[in-house]
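Residue-level structural notes
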Amino acid sequence: MVRKQWKFVSVLLVVMLSSIAILSGCTKSDSGNTNANANSNANTNAAGSNGAGADENAGSADAGSGEKIKLRLTGWGAPDEVAAYKFAIEKFEKAHPNINVEFQAISADYDTKLTTMVAGNDEPDVAMMESATIAYPLAEQGKFVNLQDYLSADTEVTPDALVPNITYSAEPGNVIGIGPGPETFVLYYNEDVFKAAGIEPPPADPAQAWKWDQFVDVAKRLTIDNKGRNATEEGFDPKSIKQFGINLPTWWGVYSNFIYSNGGDFLSADGKTLALNQPEAVEALQKMADLINVYHVAPSPLQSKNIPGTNVALQTKKVAMAFDGQWATASLAQSKFNYNVAPMPVLKQPVTTIVAGMFSIFKSTKHPQESWELLKALIDPDASLDVITAGTWMPSHKDWYTDADKLAKWTQNLPSRPSGYKGAVIDMLLNHSHATPTSYVKNFNKIMDVINPAMDKVWLGKQSAKEALDAVAAKAQEQVQGRRDVK
Amino acid sequence: MGISAVDGQTARARKKGTTSKRERKALFYGLLFTSPAILGFLIYTLGPMVASFYLSLTDYNVFKDQTTFIGFDNYAKLFSGKDELFYQSLGATFYFVVLRVPAVIIISFLLALLLNMNVKGRSMFRTIIYLPSIVPAVASSMIWLWLLNPDLGLVNTVLDWLHLPTSSWLFGEKSVIPSIVLTTLWGIGGTVIIFLAGLSGIPKQYYEAIDVDGGGWYHKLRHITIPMVTPTIFFNTIMTIIGSFQVFSEAYILTQGGPNNKSMFFVFYLWRTAFRDTEMGYASALAWILFVIILIFTFIVFKTSKSWVHYEGDRS
Amino acid sequence: MRESRLKLTAGYVALLIVSVMFIVPFVWLLRSSVMDLSQIFIMPPEWIPKPFHFENFKKALTVLPFGTFFTNTIIIVFSVLLGTVVSSTVAAFGFSRIRWKGRDMIFAVLMTGMMLPAAVTLIPSFIGWKELGFYDTFYPLIVPAYFGGGIFNIFLLRQFYLTIPQDFDEAAFVDGANYFQIYWRILLPLSRSAVIVVALFTFLGSWNDFMGPLIYLKSDSRFTLALGLQMFQGSYTAQWDLLMAASATVVLPCVVVFLVGQRYFLEGITLTGLKG
């Protein structure tokens, strides 16, 4: 019995193997050199990065001088963002007639796709990356070109020419990616709500930005229950709130602003210990949680599921103010109501966290210099002016903020750039910005895997920030691996 | 191993000890008919499976240039108790399976009975039941988030109005998994359609015989319908078990494993390990643990099937 | 079958209630597709668009090359459909109507193919296809359909074949028919409902498949509709109005195919010449 069945299996195996041989034989003769060195590295990782990705690049082995060069670029984005990239690529190709750029837009499951491509030695030359996901895992394995060398050698794009905090480094001196533009965090508000309540709106100048207590006071007065009473009045019913004072997203991007503003951090300065459980950070987090659970001026995480977009929430007066990223100006510009921006309320000093995507160059590229030129073209504000004026993006070059003519190009008379924009966004970015924790906290995701469930309890008011963070501090400390910005 | 859904014709053949001409012919044709499927398995399924098992014995990280064979270290780490999420996700997944499998089978069978009635607009009703299965998840997830919202959601509003206790649904640590089960029930259209196909295969004469004997609908259900669709019930049970153990997208889209990791399903954890943390070797070990669990459950159901699944075409 | 009035009415009412519950996501999708971006997410949802933005469809379908995506999807879906229906019915026949040594064991081994989470076989599969030189072609999406068409379908059809009495086969054998004739003349017609189910699932599965095209295709000239839909999601926000309009357009053919397909379900088979 058993022996008989084995016979079938072996017959089938032979058939299978021969069919594979036939299939692969066919393709080799069909598709020329695409497979030339593919079979030799059947073990995907063994071959290293030398030959990787190159076999698709139009046989550069026998490339003569002046040969056409093909660069592959992957990225994501909505159609208007993709259009901006395509426009930049077109300009780039015109300036470099021998280079042809193949752009692959992957807007969902980008990481899965890119991981698979890397596993199959099919890396692009230039890729858009996200600091919170696989950029650092790739960088730690030495997959990216160190852009520091190019930044130092280049005449146009130098570290000084870029706005602060949009480059990402694996360690000091090893730049792995440059952002196409920064994004700041701001306080949005509905001007009509303030007018109707007779309350002075928040000042746009960072030097005069609201202190936390001022902010809480206004938030109370702008939180209205179904009977029209506000949160400072007798009989106010926190169970039936019609208009919240503030919308408070509870992800790390938002709360990092307040931790930094209060002099706290995610990790200690030497990177050895967790700092989220230190008094400065705990106090900032507790103050945020109090907005929900003590003052009832912000919707709880459960309630905020009903408040999807900042634009809708403000327009429909579900909230009077909202914390959100600069990118929200794009949708706010399209909603027709009087909104404005102010700096985030200040605990000790005005701070905004800068978040940005990045472009990185894979080490496996055969054309690092051309890839660098492409990267420069992609972060060139001139090419993406449409998306910048629409509100979604901001320029990466500093002179677009300091040179009056250039600044006017993207901030004057635009619905996406209300009167507070200059103080709340530009001034904050240039003078009060802080790097995103994902750029310098090693093992960020694993640390947050421990912190997030604990913070869930804080936002729901089940535990104080101190209790919750103390309870997980030891477990989070196990995941601490240091900082990227100290040697 | 021998998962044998059908009665023991192989055993009988073995007893005889000889291979008759007819048996050899059957063997030839059997292999002929099934060979594309067997080949397909060997070429497209077995290779990647073997590869992933091998990877589970390594420290494979997609981005690393070097991969080291580490034997069963990954498995040892899993069972050492250090990986809390392993146990937590296993528990969450079992809870999900236990709640979901009976709910899906019973509800979809009842719906199929309803849709098998000769009512006007039946095609329309059948299509409507299937609609949620083809609406993109981005759209339908918005609906669940609204319906099950603790404060403004329709479900709690109705419960409140009826003076019934409300729940925090997807946002409560205790209620999150039952809530996810509830949302997946909108996707049972496929199971219902398979039941409908099963019902449509029941010969009319059988019912007519009961009519002649004067039996009512309960008689028909008990003595004709249910026995005749047991092969379909069997199929749907197996597939629902396999599918439920591999629950992923609900955690991915609706809850991201929260609150407090209470909806951290096994495959979601595995996916995160593989593609966010890029620890593919460890993720492969996780996958093979789940493989063994699913295999055991499938095996058990197959074994019990002999006593309750009725194959009209396979009586000896 | 005759059914009593009372029972019919009760069933009708039950069906109506269930239908209302099940149609909500679809209605939500349809109304979102003609809404203003700011109205889509108002909670609790508004069901009447104010104003109607029918131009969402025009915008959504012109901003991306949906014509190309549609052609590619059609090529893939119909190739997969043909392969799956033929090869899964044939395989299921071999696993149910012929008794041969090792049959159930091999079937059990094939079943294991469904039990390993796809997340860990994705990369080995990708590398395999790439080594064979089929990266960025439709072959990885189509060819497996011709080799069994998936164990799910084989298992489903096997269950149905096993319910059809053997008397037919034996009678046919006596008349000198061979296995192919029994497959073609007896099994396929009698299991029509199950074959339709397989065809419908295959169509819908292939039409909406996202992961396969994402992994195996790279040129956007080869992209499918499902891949095209994700292109409305941006780095900070999604263009929900256009996404919903495009999604509705992509889903509608599925609804039509389903509506038509299920009409061909059998109405209870009639076994002539058999006693009940």
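Every value quoted in this text rests on a predicted model; they were computed, and no experiment measured them.

Now for the overall build of chain B. Helix and strand content of chain B: 14 helices and zero strands. Starting at the N terminus and ending at the C terminus, chain B contains elements arranged as α-α-α-α-α-α-α-α-α-α-α-α-α-α. The burial tally for chain B puts 60% of its 316 residues in the buried class. If you sum the accessible surface of chain B, you get close to 13100 Å²; carbon and sulfur atoms cover 64% of it. Here chain B contributes 25 positive and 18 negative side-chain charges, whose respective centroids are spaced 12 Å apart.

Before going further, it helps to spend a moment on the overall build of chain A. From N to C terminus, chain A includes 20 helices and 13 strands. For chain A, with 487 residues in total, the buried portion stands at 57%. By sequence separation, contacts in chain A at least 24 residues apart represent 74% of the contacts at least 6 residues apart.

Moving on, we get to the sheet that holds strand E6 (residues 185–190) of chain A. Residues and elements named next belong to chain A. Ordered by their spatial adjacency, five strands build an open sheet running E7-E8-E9-E6-E10, and the pairing between neighbours is mixed. Unpaired on one side and paired on the other, strand E7 (224–225) and strand E10 (339–342) mark the two borders of the sheet. Note that strand E8 (residues 241–247) and strand E9 (residues 319–325) share three bridges and pair parallel. Within the sheet, the bridge partner assigned to Asn 247 lies in E9 and is Ala 322.

Further remarks concern the environment of Ser 464 of chain A. Residues and elements named next belong to chain A. One can find Ser 464 in the loop between helix H19 (444–459) and helix H20 (465–479). Under the relative-accessibility criterion, Ser 464 is labelled partly exposed at 26%. Between the C-alpha atom of Ser 464 and that of Ala 356, which follows or precedes it by 108 residues, the distance is 31 Å. Discounting chain neighbours no more than four positions away, the residues touching Ser 464 are Gln 286 and Val 458.

The subject of this paragraph is the packing of aromatic side chains. Describing an aromatic ring pair means giving the distance of the ring centres and the angle of the ring planes. Tallying each qualifying case throughout the model produces 81 aromatic pairs over all chains. Aromatic side chains Tyr 29 of chain B and Phe 180 of chain C sit 6.3 Å apart centroid to centroid with 75° between the ring planes, which places their arrangement in the edge-to-face category. Of the two residues, Tyr 29 of chain B sits in helix H2 (residues 21–56) while Phe 180 of chain C sits in helix H10 (residues 179–190), which places them in two different chains. By relative accessible area, which is 42% here, Phe 180 of chain C ends up partly exposed. By way of ring pairs, the aromatic residues Tyr 130, Phe 234, Phe 235, Phe 302 and Trp 308 of chain B together with Phe 95, Trp 100, Phe 107, Phe 152, Phe 155, Phe 201 and Phe 258 of chain C are connected into one cluster.

Here the focus is a positive patch on the surface. Residue and element names in this part refer to chain B. A cluster of basic residues, Lys 21, Arg 22, Arg 24 and Lys 25, forms a positive patch at the surface. Tracing the backbone shows Arg 22 in helix H2. With a relative accessible area of 67%, Arg 22 lands in the exposed category.

Residues and elements named next belong to chain A. Taking every second residue as pointing to the same face, both faces of E10 are buried, with Tyr 339 and Val 341 on one and Asn 340 and Ala 342 on the other. Where E6 lies against E10, four bridges are found, and the strand directions are antiparallel. Along E10, the bridge assignment pairs Asn 190 with Tyr 339.

In this section: a nonpolar patch on the surface. All names here are of chain B. On the surface, a cluster of nonpolar side chains totalling about 530 Å² of accessible area is made up of Leu 154, Val 158, Trp 161, Leu 162 and Leu 164. Structurally, Leu 162 can be placed in the loop between helix H7 (154–161) and helix H8 (176–184). Classification of Leu 162 as partly exposed rests on a relative accessible area of 47%.

Another aspect to go through is the domain arrangement of chain A. All names here are of chain A. Splitting chain A by domain gives domain 1 (11–182 + 356–397) and domain 2 (185–354 + 438–477). Contact residues are listed per partner, giving 16 residues for domain 1 and 10 residues for domain 2. Summed over both partners, the interface of domain 1 with domain 2 comes to about 910 Å²; 51% of that surface belongs to carbon and sulfur atoms. Contact with domain 2 buries surface across domain 1, with Ala 132, Gly 391 and Thr 392 losing the most and accounting together for 36% of the total.

It is worth spelling out the side chain of Thr 116 of chain A at this point. If you trace the backbone, Thr 116 of chain A turns up in helix H3 (residues 110–119). On the accessibility criterion, Thr 116 of chain A (1% relative accessible area) is buried. Once residues lying within four places of it in the same chain are set aside, the contact partners of Thr 116 of chain A are Leu 122, Ile 123, Phe 126 and Ile 215 of chain C.

Moving on, we get to the packing of helix H5 (residues 122–134) of chain B against helix H9 (residues 189–200) of chain B. Residue and element names in this part refer to chain B. It is at 8 Å that the axes of H5 and H9 come closest, and there the two elements cross at 145°. When H5 is examined against H9, the residues Arg 126, Ile 129, Tyr 130 and Ser 133 are found in contact with a partner set consisting of Gly 189, Gly 190, Val 192, Ile 193 and Leu 196. Taken together, the residues that form the contact of H5 with H9 break down as five nonpolar, three polar and one charged.

Turning next to the interface of chain B and chain C. Much of the literature gives interface size as the accessible area that the parts lose upon coming together. Every contact between the two is made by 106 residues of chain B and, on the other side, 108 residues of chain C. Between chain B and chain C the total buried area reaches about 9500 Å² when both faces are included, carbon and sulfur atoms providing 77% of it. Sorting the residues of chain B by area buried against chain C places Phe 33, Tyr 44 and Ile 134 of chain B first, and these three jointly supply 8% of that buried surface. In this assembly, chain B and chain C are joined by zero salt bridges.

Turning next to the pairing of E6 of chain A. Residues and elements named next belong to chain A. A large share of E6 lies buried, amounting to six of its six residues. Here E6 shows a buried face lined by Phe 185, Leu 187 and Tyr 189 and a second buried face lined by Val 186, Tyr 188 and Asn 190. Pairing of E6 with E9, which is carried by five bridges, proceeds in the antiparallel orientation. Paired with Val 186 across the two strands is Asp 324, which belongs to E9.

Glancing now at the interface of chain A and chain C. Across the boundary between the two partners, chain A contributes 48 residues, which contact 36 residues of chain C. Between chain A and chain C the total buried area reaches about 3600 Å² when both faces are included, carbon and sulfur atoms providing 61% of it. If you sort the residues of chain A by the area they bury against chain C, Pro 79, Lys 113 and Thr 116 of chain A come out on top, with a joint share of 15%. Taken together, chain A and chain C are joined by one salt bridge.

All names here are of chain B. Here, the residues flagged by UniProt with the feature "transmembrane region" (unreviewed entry) are residues 26–47, 92–115, 127–147, 176–199, 233–254 and 280–302. Segment residues 127–147 splits into 90% helix and 0% strand. End C-alpha atoms: 22 Å apart. Structurally, residues 280–302 comprises 100% helix and 0% strand, and the distance from its first C-alpha atom to its last is 32 Å.

For the rest of this paragraph, the subject is the pattern of salt bridges. Under the criterion given, the structure shown has 28 salt bridges over all chains. Asp 485 of chain A is the salt-bridge partner of Arg 483 of chain A, the closest N and O atoms lying 2.9 Å from each other. Judged by its relative accessible area of 11%, Arg 483 of chain A falls in the buried class. On the accessibility criterion, Asp 485 of chain A (40% relative accessible area) is partly exposed. By sharing partners, the salt bridges in this structure join Lys 70, Arg 72, Glu 102 and Asp 122 of chain A together with Lys 218 of chain C into a single network.

Mean pLDDT for chain A: 86, with 85% of residues reaching 70 or above. Counting interchain partners and residues more than four positions distant, the pLDDT-below-50 stretch residues 1–65 of chain A has 64 contacts.

Turning our attention to the packing of helix H4 (residues 84–115) of chain B against H8 of chain B. Residue and element names in this part refer to chain B. The interhelical angle for the contact between H4 and H8, taken along N-to-C directions, is 45°, at an axis separation of 10 Å. Here H4 lies oblique to H8, going by the angle between them. Crossing of H4 against H8: the hand is right-handed. Residue-level inspection shows Ala 92, Tyr 95, Phe 96, Leu 99 and Arg 100 of H4 in contact with H8, the latter providing Ile 177, Pro 178, Ile 180, Val 181 and Thr 184. In the contact of H4 with H8, the residues fall into eight nonpolar, one polar and one charged.

Rules behind the numbers
Residues numbered from 1 in each chain as written. Chains lettered and ligands numbered in written order. Predicted model: local features only at pLDDT ≥ 70, side-chain atom pairs only at ≥ 80, totals over all residues. Heavy atoms only, no water. Helix = DSSP H or I, 4+ residues; strand = E, 2+ residues; numbered from the N terminus. Buried < 20%, exposed > 50% of the residue type's maximum accessible area, 1.4 Å probe, protein only. Areas by Shrake-Rupley, 256 points an atom, 1.4 Å probe, with all protein chains shown as cover. Lys, Arg positive; Asp, Glu negative; His and termini not counted. Charge placed at Lys NZ, Arg CZ, Asp CG, Glu CD. Contact = heavy atoms within 4.5 Å. Pairing = 2+ DSSP bridges. Phe/Tyr/Trp six-rings, centres within 6.5 Å; stacked < 30°, edge-to-face > 60°. Patch = residues over 30% accessible without salt bridge, like charges linked within 9 Å, V, L, I, M, F, W, Y side chains within 5 Å. Salt bridge = Lys/Arg side-chain N within 4 Å of Asp/Glu carboxyl O. Domains from an automatic or database assignment. Buried area = accessible area lost by both parts, 1.4 Å probe. Axes fitted to C-alpha atoms, helices over the stretch in contact; angles between N-to-C directions. Nonpolar A, V, L, I, M, F, W, Y, C, P; charged D, E, K, R; others polar. UniProt positions renumbered as here; feature names shortened; annotations may be inferred. pLDDT = per-residue confidence, 0-100. Parallel < 35°, antiparallel > 145°, perpendicular 65-115°, else oblique. Left-handed = near helix turned anticlockwise from the far one by under 90°.

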